[in-house]
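# Results of the structural survey
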Amino acid sequence: MQPARRLQQIKPSPTLALNAKARALAAQGVDVVGFAAGEPDYDTPAFIKDAAVEALRQGFTKYTATAGIPELRAAVREKFQRDNGLTYAPEQVLITVGAKQALYNFFQAVLDPGDEVIIFAPYWVSYPDMVRLAGGEPVVVETREEDGWVPSPDALRAALTPRTRAVVFNSPSNPTGAVLSRKDLEALGQVILPHGCLVVSDDIYEPLVYGDTPFCNIVNAVPALQDRALVVNGFSKSHSMTGWRLGYAAGPAVLVSAMTMVQDQSTSNAASIVQKAGLAALGGSGAELREMRAEYLQRRDLVVSALNAIPGIRCRTPDGAFYVMANVKGLLGKSYKGQVLGSALRMSELLLSDFQVAAVPGEPFGAPGYLRLSFVTSREKLQKGLSRIAAFAAALG
Ligand SMILES: Cc1ncc(COP(=O)(O)O)c(C=O)c1O
């Protein structure tokens, strides 16, 4: 069977594929060290699970409004007010099946064929394909490691065209871990303001900030953008709830209503009991998150110093999220078993097949010459994996 034409230009998520490969090897008894995961290794806090169990017991098992139960939408509005200083009316909030669905709904709701969406590289792998699936065209604006992966306002200005429908921000960033400062965002927002396009702020890593730059999004930096901005967030990373599939978004009422229509005709509401779990999560003290973040900070430092000690590899210290972008360009001219490595993609394949290390190559993130390593694995495992990467580098001729 031939899939539809619009599907022929998109690819399966390479991070999910690598994870599946690593899992399959582990199931065969191979001792794989995974640096590929995009999810916390902590379990969902017990009080959140309890809320879901209680919802089940009480028979809260029917359809809800597509946009979510009123009490969860109210809790999300409170969260935006409390943590982000952003005020939204009830009809401006939508509960989704993960942050991913919020983004998907957005592109489906606003893009006409040929509309352009500006995405900064390195980018989260799903943005370009979500844009393509909606008939739009991703326009990639490069950022540079030496600039701390901060987009240049001039490069953004040069990429804006009459067809630009939206610009996507993701800070802290997957994959770079870069955190944009208020000043950076102000400069970028001022470029967007006269254009009139929409902006999306994917804030999924909001609570995972380690450095001196406090979290700030594009709407905080340039409040005049609020009436054309969609702010997306979720529970996957903040509350270790990746499998539950729960996210949310807030924006102008007309936009949220259009996104709700997309959701009406696709999945309908996020699972009823999961919404109850989300309600409990937002009412929590944040103690588990603080513990998780403190541990991640230790792991980040361990990974960064070990990688920088390997000749041919260097990496910046990420200020947020849980990924390190390792620059491996210094190794790519070397050879392994008589063959020049040539690419991070090849290096990733060899690391998995010969050294049992799963690390995602930069190519699918728009960052050839880099490997993305997540540090959501125990310190012991990280150390083991880092020694294997060092052994691989030492084995190169
Ligand atoms: C940048 C970014 N946005 C969105 C998501 C999707 O998160 P969710 O699990 O809430 O769909 C991810 C997940 O990896 C991500 O890295």
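Provided above is the structure to which this section pertains.
Residues numbered from 1 in each chain as written. Predicted model: local features only at pLDDT ≥ 70, side-chain atom pairs only at ≥ 80, totals over all residues. Heavy atoms only, no water.

The number of helices and strands found in the chain is 14 helices and 15 strands. Taken over C-alpha atoms, the radius of gyration comes to 21 Å for the chain, in line with the 21 Å a tight globule of 397 residues would show. For the chain, the spread of C-alpha atoms along the three principal axes comes to 60 × 55 × 55 Å. Split into buried and exposed, the 397 residues of the chain put 55% on the buried side. A fraction of 73% describes how many contacts in the chain between residues 6 or more apart in sequence connect residues 24 or more apart. Summed over its atoms, the accessible surface of the chain is roughly 16500 Å², and 53% of this surface lies on carbon and sulfur atoms. For the chain, the distance from the average site of its 39 positive side-chain charges to the average site of its 37 negative ones is 4 Å. (Helix = DSSP H or I, 4+ residues; strand = E, 2+ residues; numbered from the N terminus. Rg over C-alpha atoms; globule rule 2.2 N^0.38 Å. Buried < 20%, exposed > 50% of the residue type's maximum accessible area, 1.4 Å probe, protein only. Contact = heavy atoms within 4.5 Å. Areas by Shrake-Rupley, 256 points an atom, 1.4 Å probe, with all protein chains shown as cover. Lys, Arg positive; Asp, Glu negative; His and termini not counted. Charge placed at Lys NZ, Arg CZ, Asp CG, Glu CD.)

With that settled, the discussion passes to the packing of aromatic side chains. We describe a pair of aromatic rings using the distance from one ring centre to the other and the angle between the two ring planes. Scanning the entire structure with this criterion turns up 17 aromatic pairs. Relative to Phe322, the ring of Tyr296 lies with its centre 5.7 Å away and its plane at 75°, an arrangement referred to as edge-to-face. On the criterion of sequence distance, the pair formed by Tyr296 in helix H12 (residues 287–308) and Phe322 in the loop between strand S9 (314–315) and strand S10 (323–327) is long-range, its members being 26 residues apart. Pair check on accessibility: Tyr296 and Phe322 agree, each one buried. Ring-pair connections join several aromatic residues into one group, and the members of that group are Tyr42, Tyr205, Tyr210, Tyr296, Phe322, Tyr323 and Phe375. Lying across the ring of Phe60, Lys276 places its NZ or CZ 4.6 Å from the centre. (Phe/Tyr/Trp six-rings, centres within 6.5 Å; stacked < 30°, edge-to-face > 60°. Lys NZ or Arg CZ within 6 Å of the ring centre and 35° of its normal.)

With that settled, the discussion passes to the state of the cysteines. Overall, the coordinates contain zero disulfides when judged by the stated rule. In this model Cys197 remains outside any disulfide bridge; the closest cysteine sulfur is found in Cys216, 18 Å from its own. Here Cys197 falls in the buried class, since its relative accessible area comes to 3%. (Disulfide = S-S within 2.5 Å.)

Bringing the pairing of strand S8 (residues 247–250) into the picture now. Here is the key point about a regular strand: its side chains alternate between the two faces of the sheet. Taking every second residue as pointing to the same face, both faces of S8 are buried, with Gly247 and Ala249 on one and Tyr248 and Ala250 on the other. Bridge count between strand S2 (residues 93–96) and S8: four bridges; the pairing is antiparallel. For Ile95, the partnering residue across the bridge sits in S8 and is Tyr248. Across four bridges, the pairing between strand S7 (residues 229–234) and S8 is antiparallel. (Pairing = 2+ DSSP bridges.)

What follows deals with the nonpolar core. Side chains of nonpolar character tend, in soluble globular proteins, to be buried together. Formed by 81 residues in total, the largest nonpolar core has its most connected members in Phe106, Phe107 and Leu307. With near-sequence residues (within four places) excluded, Leu307 lies in contact with Ile313, Cys315, Val324, Ala326, Leu373 and Leu386. In this structure, Leu72, Ile192, Ile218 and Val219 belong to the second largest nonpolar core, which totals 45 residues. (Core = buried A, V, L, I, M, F, W, Y, C linked by side-chain atoms within 4.5 Å.)

A side chain of one charge can pair with a side chain of the opposite charge when the charged atoms of the two come close. Within this structure, the stated rule accounts for 20 salt bridges. In this structure, Asp115 and Arg163 form a salt bridge, with 3.0 Å as the shortest nitrogen-oxygen distance. Of the two residues, Asp115 is situated in the loop between helix H5 (98–110) and strand S3 (116–121) and Arg163 in the loop between helix H7 (153–159) and strand S5 (164–169); the sequence distance between them amounts to 48 residues. The exposure class assigned to Arg163 is partly exposed, which follows from its relative accessible area of 41%. Here the salt bridges do not stand alone but share partners, grouping Asp41, Glu295, Arg299 and Arg379 into one network. (Salt bridge = Lys/Arg side-chain N within 4 Å of Asp/Glu carboxyl O.)

What follows deals with the pairing of S3. Burial within S3 is extensive, with six of its six residues counted as buried. Burial along S3 is two-sided: Glu116, Ile118 and Phe120 and Val117, Ile119 and Ala121, pointing in opposite directions, are all buried. Judged from the six bridges that link them, S3 and strand S4 (residues 137–142) form a sheet pairing that is parallel. By the bridge assignment for S4, Ile118 is matched with Val139. Handedness of the crossover joining S3 and S4 through helix H6 (residues 126–133) is recorded here as right-handed. Bridging between S3 and S5 involves four bridges; their strand directions are parallel. Bridge assignment links Val117 to a residue of S5, and that residue is Ala166. (Right-handed = clockwise from strand over helix to strand, strands pointing away.)

Where H5 contacts helix H10 (residues 253–264), the two axes come as close as 8 Å, and the packing angle between them is 105°. Judged on the interaxial angle alone, H10 and H5 are roughly perpendicular. For the pair formed by H5 and H10, the contact residues are Gln101, Ala102, Asn105, Phe106, Gln108, Ala109 and Val110 on the first element and Leu255, Ala258, Met259, Val262 and Gln263 on the second. Here the residues of the contact of H5 with H10 sort into eight nonpolar, four polar and no charged. (Axes fitted to C-alpha atoms, helices over the stretch in contact; angles between N-to-C directions. Parallel < 35°, antiparallel > 145°, perpendicular 65-115°, else oblique. Nonpolar A, V, L, I, M, F, W, Y, C, P; charged D, E, K, R; others polar.)

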